[in-house]
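# Structure at a glance
Listed here are the chains, written in short residue letters.
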Amino acid sequence: MGMVIRTKWTDASRSDLATYIRRAMPPGAAEPLDEVTAAKLADYVLELGKASQEAPSEFEDDLSREAKARLRAKAERLTQVTDRMLRSPPKEDWLLWRGDVSATGFSALRQIDRSNVGRLRLVWSKTLGPGTDAITPLVHDGVIFVFGGEKISALDATSGDTIWSRPAKTGRTVTQPRGVALYADALFASTVDGHILALDARTGQLRWDRNISSPKKFTFTAPPLVANGKVFQSAAMCSSTGSRCFMVALDATSGEELWRTYTIPGEGDPGAESWGGAPVDERSGAGAWAGASYDYATDQIVFGTGNSYALGTLLRNDPQQPAAGLFTNSTLKLDAKSGKVVWYFQHFAGDVWDEDWAFERTIIKDPRGGERPVVVNIGKLGILDALDLATGRYLWSIDLGFQNLVTHIDPKTGAKSFAKDAIPAQGKSAQICPFAGGVRNWPATAYDAGRSLLFIPILDACMKFDIDSANRARQSTWTVEFRPGSDHELGGLMALDLRTGKPLWMIRHRADPASATLATRGGLVFAGTRDRWFRAHDVNTGRTLWRVRLSDTPNSFPITFSAGGKQYIALLTGGGTYLDGFVSHLTPEIEPSTGRIALWVFALDGGDG
């Protein structure tokens, strides 16, 4: 009874509580309480309630104190993340969204290899709460940092015990972007509603919170990138008319905004002429949905943009020849000090099919000879473009063979021509491959430089596409269909040899891809599918060497790290995928995600061998 009264009456008046106590006496009591006795008992209960609020509610003994001390020591041993570390990350850590500033998704760890990967067992798992897909945890000095379940947490990487955890919202709805960033002794996170946070990496204490306001709606889905003392964050969506996406840079120490570069030009800006004479309030889009890469040699950032949502604007002058609409579907390289555009390359101009090019930019040594660095990327069409990192000059392309939209790629400029019937007349439709979800989407590629192999999650589906030309806004509609000849297999994984431009191998499966790929020096590539399978493949053959059926969709960016001399594989499940509403009708036997995020960590023999 004491707990009930303490909870209910701690702030109650003395007389009301006394009356309640007299009435609450059990039937058959020897005699009812008089008012004086009831009043004294009420005073006692109120004092007990006050004491219970002031006194520690947790019981402590040697075991609990030892556990707290162990986790506190783990946090205190965290070393600062320096630019030197980011340029050449320790192989034991996973310090950035794709493992390094070049976005390769590759790890030099090799304890887990093709000979022993079959011994992988679960070490620990942890439910984080409700959330969405595409989460990437980071690991530094044996601590996992993860933004999921509407909170940001630091966990012991070997046990999953919570070192600290804090809500990521202050009265606002929050869904996490694709990752966080580490720099110096701070952890940086952004929220989809336009906030960028800096936290103390050891304690989780908030250092600053900046609301990146904009006159039009946008969202943050990309993880922040921090380098050379600056936080870089890109905006996405910008779908409403007149909405322009951007890249913003903040001072990592203070959170002060240093510059903002819009990916849709304003009036009179370079590129404005590419919108067919449309004013700025009729332009939109060029969202940067994925994380940026960084060129330390020149102190410049590299990132990609997506399509425009202003179909009517692109088609206003010629319904069969859309305006180019810079800087949509482009790679941009910006000076990190000023935000000035160093160069750009538009991969696919006049995109009215939502086949954008907004994913990771991977910086590698040219696999076709020489020492020059190149930046490679694959858009939704399944076409890879290679550009000179220093100048942005077009070098070469590889068409994976799943699309029917582009009919020609200029070998000198990389300009792409589309099929004549790709924009259907009013009342007609066209079959476009791939559908607007793309041959590939946010599930990222991974690159093994020693083998010149790029590992690509493949989605093979088409769409019935039409445009309402009678509507001035020129809205498009599309319905997802199996591609003829696909045998109703939606998913696949390809190992593409960048030296030859040909696949080394490709495997097909019914389920569509759900996770990014992860490649390791152990000769392995990891990937997950929407039917809850997570697999390890041989990099040379694609053969499945290990697999596990998880409780939910492995819809994240898998990582690997080492702690205490042991290599671990980690990924998150739950939260659904971007495909759930698009292709689920084609694979009704695949159960939907629960919407609850969980973190899974594996090691050889469950960490015992």
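Every value quoted in this text rests on a predicted model; they were computed, and no experiment measured them.

Calculation notes
Residues numbered from 1 in each chain as written. Predicted model: local features only at pLDDT ≥ 70, side-chain atom pairs only at ≥ 80, totals over all residues. Heavy atoms only, no water. Disulfide = S-S within 2.5 Å. Helix = DSSP H or I, 4+ residues; strand = E, 2+ residues; numbered from the N terminus. Buried < 20%, exposed > 50% of the residue type's maximum accessible area, 1.4 Å probe, protein only. Expected span 1.5 Å × (residues − 1). Arc of directions from axis to C-beta. Contact = heavy atoms within 4.5 Å. Pairing = 2+ DSSP bridges. Axes fitted to C-alpha atoms, helices over the stretch in contact; angles between N-to-C directions. Salt bridge = Lys/Arg side-chain N within 4 Å of Asp/Glu carboxyl O. Phe/Tyr/Trp six-rings, centres within 6.5 Å; stacked < 30°, edge-to-face > 60°. Lys NZ or Arg CZ within 6 Å of the ring centre and 35° of its normal. Core = buried A, V, L, I, M, F, W, Y, C linked by side-chain atoms within 4.5 Å. pLDDT = per-residue confidence, 0-100. Polar contact = N/O pair within 3.5 Å; in protein donor to acceptor, adjacent residues only side chain to side chain.

## Looking at the state of the cysteines
Applying the stated criterion to the full structure yields 2 disulfides. Through a disulfide, Cys238 is tied to Cys245; the S-S separation comes to 1.9 Å. With the S-S dihedral at roughly 110°, the linkage between Cys238 and Cys245 falls on the right-handed side. Sequence-ordered numbering of the bonded cysteines in the chain yields a pairing of 1-2, 3-4.

## Comments concerning unusual backbone geometry
Going from Leu326 to Phe327, the amide bond is cis rather than trans, its omega being 0°. Its location among the elements puts Phe327 in the loop between α6 (311-314) and β17 (330-335). Looking along the chain, the bond that leaves Cys433 and enters Pro434 is cis, with omega of 0°. Looking at the element boundaries, Pro434 is found in the loop between β25 (430-432) and β26 (446-448). You will see that Glu150, though not glycine, has its phi angle at about 60°, which is positive. Relative to the helices and strands, Glu150 is located in the loop between β4 (143-148) and β5 (151-156). Among the residues examined, Glu150 registers a relative accessible area of 28% and is labelled partly exposed. At Asp487, a position not held by glycine, the phi torsion is positive, near 55°. Here Asp487 lies in the loop between β29 (476-482) and β30 (491-497).

## Considering helix α4 (residues 62-76)
A rise of 1.5 Å per residue sets the reference length of α4, with its 15 residues, at 21 Å; its end C-alpha atoms lie 21 Å apart and thus fit the reference within 8%. Among all positions of α4, only Leu71, Lys74 and Ala75 are buried. When α4 is viewed along its axis, its buried side chains cluster within an angular range of 100° and face the same direction. Summarising the geometry of α4, the exposed residues directed more than 90 degrees from the buried face are Asp62, Glu66 and Glu76. Those residues of α4 that are buried lie in contact with β4, β5 and β6 (162-167).

## A short note on the sheet that holds strand β8 (residues 186-190)
Whether parallel or antiparallel, the strands of a sheet pair through hydrogen bonds between backbone atoms. Spatial strand order, β7-β8-β9-β10: 4 strands in an open sheet with antiparallel pairing. Looking at the sheet topology across the chains shown, the edges are occupied by β7 (181-183) and β10 (206-211). Direction aside, the axes of adjacent strands within the sheet are offset by 20° on average.

## Quick notes on the pattern of salt bridges
Per the stated rule, a full pass over the model turns up 28 salt bridges. Here Glu60 and Arg65 are joined by a salt bridge, their closest N and O atoms 3.8 Å apart. On the accessibility criterion, Glu60 (37% relative accessible area) is partly exposed. Look at Arg65 and you get partly exposed, because its relative accessible area is 40%. Connected through salt bridges with shared partners, the residues Glu60, Asp62, Arg65 and Lys68 form a single ionic network.

## Some remarks on the packing of aromatic side chains
Where two aromatic rings form a pair, the distance of their centres and the angle of their planes describe that pair. Applying the stated rule across the entire model yields 22 aromatic pairs. Each ring, one from Phe246 and one from Tyr262, has its centre 5.9 Å from the other, and the planes form 70°; the classification is edge-to-face. Placement of the pair is Phe246 in strand β13 (residues 246-251) and Tyr262 in strand β14 (residues 257-262), with a sequence separation of 16 residues. Tyr262 gets classed as partly exposed once you look at its relative accessible area, which sits at 30%. Each ring, one from Phe327 and one from Tyr344, has its centre 4.9 Å from the other, and the planes form 75°; the classification is edge-to-face. With a gap of 17 residues between them, Phe327 in the loop between α6 and β17 and Tyr344 in strand β18 (residues 341-346) connect regions that are remote in the sequence. Residue Phe327 is classed as buried on the basis of its relative accessible area of 8%. Ring-pair connections join several aromatic residues into one group, and the members of that group are Phe218, Phe220, Phe246 and Tyr262. The lysine or arginine in question, Arg244, covers the ring of Tyr262, its NZ or CZ lying 4.1 Å from the ring centre.

## Some details on the pairing of strand β36 (residues 559-563)
Buried residues dominate β36, accounting for 5 of its 5 residues. Side chains Ile559, Phe561 and Ala563 project from β36 onto one buried face, and the interleaved Thr560 and Ser562 project onto a second face that is buried too. Inspection of the sheet shows β36 paired to strand β37 (residues 566-573) by 5 bridges, in the antiparallel sense. By the bridge assignment for β37, Phe561 is matched with Tyr568. If you look at the hairpin formed by β36 and β37, you'll find 2 residues sitting between the two strands, and Gly564 has a positive phi there, around 60°.

## Things to note about the nonpolar core
Ile144, Phe145, Phe188, Phe526 and Phe561 are the most contacted members of the largest nonpolar core, which totals 98 residues. Residues Ala286, Ala323, Leu490 and Leu579 belong to the second largest nonpolar core, which totals 42 residues.

## Re the confidence of the model for the chain
When pLDDT is averaged along the chain, the result is 90; 88% of the residues meet or exceed 70. Confidence over residues 1-12 falls short of pLDDT 50; this stretch has 15 contacts with residues more than four positions distant or in other chains.

## What to know about the environment of Ser115
Examined against the element boundaries, Ser115 turns out to sit in the loop between β1 (106-107) and β2 (120-130). Taking the C-alpha atoms as reference points, Ser115 and Gly522, 407 residues apart in sequence, are found 9.0 Å from one another. Reaching out from Ser115, the side chain makes a polar contact with the side chain of Asp113 at a distance of 2.6 Å.

## A word on the environment of Ala189
Relative to the elements of secondary structure, Ala189 occurs in strand β8. Assessed through its relative accessible area of 1%, Ala189 is described here as buried. Once residues within four sequence positions are removed from consideration, Ala189 is found in contact with Phe147, Ile152, Val180, His195, Ile196, Leu197 and Pro224.

## Concerning the side chain of Asp366
Examined against the element boundaries, Asp366 turns out to sit in the loop between β19 (362-365) and β20 (373-378). What makes Asp366 buried here is its relative accessible area of 5%. Only 2.9 Å separates the side chain of Asp366 from the backbone nitrogen of Arg368, close enough to count as a polar contact. Polar contacts involving the side chain of Asp366 include one to the side chain of Arg372, which spans 2.9 Å. Each residue touching Asp366, except ones within four places of it in the same chain, is listed here: Arg372, Val374 and Trp396.

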